[in-house]
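So the chains spell out like this:
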Amino acid sequence: MRHVPGDLLKGGHLVGGRWVGAAGGGAAEVANPATDEVLATVPWGGGEDARRAVDAAAAALPEWRARTAAERAEPLRRLASLMLERREDLALLMTLEQGKPLAEARGEVAYAASFVDWAAEEGKRLYGELVPSSHRDKRILVLRQPLGVTAAITPWNFPAAMITRKLGPALAAGCAMVVKPAPQTPLSALAVGALAEEAGIPPGVVNVVCGDAEAIGDALLADPRVRKLSFTGSTEVGRILMAKAARNLTRLSLELGGHAPFLVFDDADVDAAVAGLLASKYRNMGQTCVCPNRILVQGGVYEAFVDRLAGAVAALKVGPGWEEGVRIGPLVDDEAVAKVERHVRDAVSKGARLRAGGERVRPGAGLADRFFAPTVLEDFTPDMELSHEETFGPVSPVRRFETEEEALELANDSPYGLASYFYTRDAARLIRVAEALEYGIVGANDGAPSTAQAPFGGVKHSGFGREGGRYVMDEYVNVKYVSWGGL
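One structure accompanies this document, and this report is about it.

Conventions we followed
- Residues numbered from 1 in each chain as written.
- Predicted model: local features only at pLDDT ≥ 70, side-chain atom pairs only at ≥ 80, totals over all residues.
- Heavy atoms only, no water.
- Helix = DSSP H or I, 4+ residues; strand = E, 2+ residues; numbered from the N terminus.
- Buried < 20%, exposed > 50% of the residue type's maximum accessible area, 1.4 Å probe, protein only.
- Pairing = 2+ DSSP bridges.
- Phe/Tyr/Trp six-rings, centres within 6.5 Å; stacked < 30°, edge-to-face > 60°.
- Lys NZ or Arg CZ within 6 Å of the ring centre and 35° of its normal.
- Polar contact = N/O pair within 3.5 Å; in protein donor to acceptor, adjacent residues only side chain to side chain.
- Contact = heavy atoms within 4.5 Å.
- Core = buried A, V, L, I, M, F, W, Y, C linked by side-chain atoms within 4.5 Å.
- Expected span 1.5 Å × (residues − 1).
- Salt bridge = Lys/Arg side-chain N within 4 Å of Asp/Glu carboxyl O.
- Axes fitted to C-alpha atoms, helices over the stretch in contact; angles between N-to-C directions.
- Parallel < 35°, antiparallel > 145°, perpendicular 65-115°, else oblique.
- Left-handed = near helix turned anticlockwise from the far one by under 90°.
- Nonpolar A, V, L, I, M, F, W, Y, C, P; charged D, E, K, R; others polar.

One non-glycine residue, D36, lies in the positive phi region at around 70°. With a phi angle near 55°, K460 is a residue other than glycine that sits in the positive phi range. Along the chain, K460 falls in strand 22 (residues 459-460). By relative accessible area, K460 is classed as partly exposed at 37%.

Next up, the structure:
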């Protein structure tokens, strides 16, 4: 197996253009979830490290903010290009620290680069306005100006893309940023920071600090210079951050938990629906906030759909992500595997039927006990844990419905509202269902709707704010109006 080049394998915080250790001298090991092999040691920082990073960002902000949008776009485009040039190295690093198959990791690197590239161009379109005045001797000018120092707290499941879809628009708008990556996957974040340096983004505009999430988050939200925090993670932590943000009225974007429904109607293309579910549910071993958690299939195609799904799932290759043809790698840690086991055990004890998988597997010698067979369960019911909790694993619970009204009632019966999916070939139904689903993202005959051009985000307990497209730029600007009199 190839090794990650040393110029991307960083062992320090990136603060003000320097690679430094933790203020208190702490360190933590980063291990491969497939083998438990230690990949690197990184600093384990806290509040003081966060404050130093904010100092660096605040010092770098005036020069970066003063640049034109085109001048900021140039190094951002270089960063996107460098990520694609180093795609194989970044993908291998991601597979080793996070576990996802190498083919998926390559896809994520391209996806991550697309957010930077899109934002570089979208920053040039942060237009102002001239608003008609009610007075002849006045004009009203509307300006969109950068917020200032911003921060991002990112998850482990997409360790590059969840950074760049925050970092790209923040920098394009003229902000500086402090990034706090997940402890399971700091190496991808540090590698992106290294490439940002190489791309010519000035020191201090991008800072990466690893360590204690609570201590770092508290320091960021306690500092009045931090005007925006973007967080991707659980609803429980989102609530805590929202309460703490009240101290300084810090603006937030929160992309939180999900519990996505996947609807298949009688008039659907069943093969396309199975393919869409495989792509959406089993990507990253089911460890995504937008993957389907409840598969609802209309009675007329139910048997055909479940038979084809069970056969396709049983054929998915399980193994370490660097092996050829692997579709299901290890789950990220022991806690993740235990949760998947608990959900499956609970469902079976309450009457669900296993059609595929359902247990841990050992796909080879020398591997950790974190591989879970891709699973299909029939006849899930509301009293089962997986009916209302995110499993975050490769488990597809399926149940039957009979009418469109019943399907929508079941689909919307959740406090979460991030992503939803449905398959139909009826054009009128497509419009009706898309409008009726109470979710921020709807995949209509599409199992992979996320893209840099579109506004990604949820409603209800899945948070607020949008990432992607032109909409994300407003997350990183203040709107100011100037009333110009005496004309």
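A separate point is the pairing of strand 18 (residues 395-401). With five of its seven residues buried, strand 18 lies for the most part within the structure. Of the pairings in the sheet, the one linking strand 13 (residues 292-298) to strand 18 comprises four bridges and is parallel in character. Across the sheet, Q298 pairs through a bridge with F401, a residue of strand 18. The pairing of strand 17 (residues 375-378) with strand 18 spans four bridges and is parallel. By the bridge assignment for strand 18, T375 is matched with V395.

Under the definition given, this model contains five aromatic pairs. Measuring from ring centre to ring centre gives 5.7 Å for W156 and F392, while their planes differ by 85°; the resulting arrangement is edge-to-face. With W156 in the loop between strand 7 (149-153) and helix 5 (161-173) and F392 in the loop between strand 17 and strand 18, this residue pair connects regions lying 236 residues apart in the sequence. Classification of W156 by relative accessible area gives buried; the value is 15%. Pairing F262 with Y421 gives two aromatic rings, centres 5.9 Å apart and planes at 35°, and the pair type is tilted. In this pair, F262 is assigned in strand 12 (residues 260-264) and Y421 in strand 20 (residues 419-423), connecting sequence segments 159 residues apart. Taken together, the aromatic side chains of F262, Y421 and Y423 make up a single cluster linked through ring pairs. Cation over ring: K228 sits above Y476, and NZ or CZ is 4.8 Å from the ring centre.

What follows deals with the pairing of strand 20. The element strand 20 is extensively covered by neighbouring structure, given that five of its five residues are classed as buried. Residues A419, Y421 and Y423 point to one face of strand 20 and S420 and F422 to the other, with burial holding for every one of them. Here strand 12 pairs with strand 20 via three bridges, running parallel. Paired with F262 across the bridge in strand 20 is Y421.

Within the element layout of this structure, E108 appears in helix 4 (residues 102-122). There is a polar contact of 3.1 Å between the side chain of E108 and the backbone nitrogen of A161. Filtering out sequence-adjacent residues up to four positions away, E108 remains in contact with M94, K100, N157, F158, P159, A160 and A161.

To continue, consider the nonpolar core. Within soluble globular proteins, side chains that are nonpolar generally end up buried alongside one another. Counting 65 residues, the largest nonpolar core has L79, M83, L171, M177 and I201 as its most contacted members. By residue number, the principal contributor to this core is helix 4, which donates ten residues. Of all hydrophobic cores here, the second largest spans 64 residues; its members include F265, A352, V395 and A419.

A separate point is helix 3 (residues 87-98). Between its first and last C-alpha, helix 3 extends 16 Å over twelve residues, near the 16 Å set by a 1.5 Å rise per residue. In terms of residue burial, helix 3 counts as a mostly covered element, since ten of its twelve residues are buried. For helix 3, the set of buried residues is D89, L90, A91, L92, L93, M94, T95, L96, E97 and Q98. Two residues or fewer past helix 3, G99 is found with a positive phi of approximately 110°.

The final tally for this structure, using the stated rule, is 37 salt bridges. The salt bridge partner of E122 is R125, with a shortest N-O separation of 3.3 Å. Since its relative accessible area comes to 8%, E122 is described here as buried. Taking the shortest distance from any N to any O, the salt bridge between R342 and E389 comes out at 3.3 Å. Of the two residues, R342 is situated in helix 11 (residues 334-349) and E389 in the loop between strand 17 and strand 18; the sequence distance between them amounts to 47 residues. Given a relative accessible area of 27%, E389 falls into the partly exposed group.

All right, on to the packing of helix 7 (residues 213-222) against helix 8 (residues 235-245) then. For the pair helix 7 and helix 8, interaxial distance at closest approach is 9 Å and the crossing angle is 30°. When the interaxial angle is binned, helix 7 and helix 8 end up roughly parallel. Helix-helix and strand crossings are classified by hand; for helix 7 and helix 8 the assignment is right-handed. Residues E214, D218 and L221 of helix 7 touch helix 8, and the partners they reach there are L241, K244 and A245. For the contact of helix 7 with helix 8, a count of residues per class yields three nonpolar, no polar and three charged.

Note that every value here comes from positions in space, so none of it alone points to a role or purpose.
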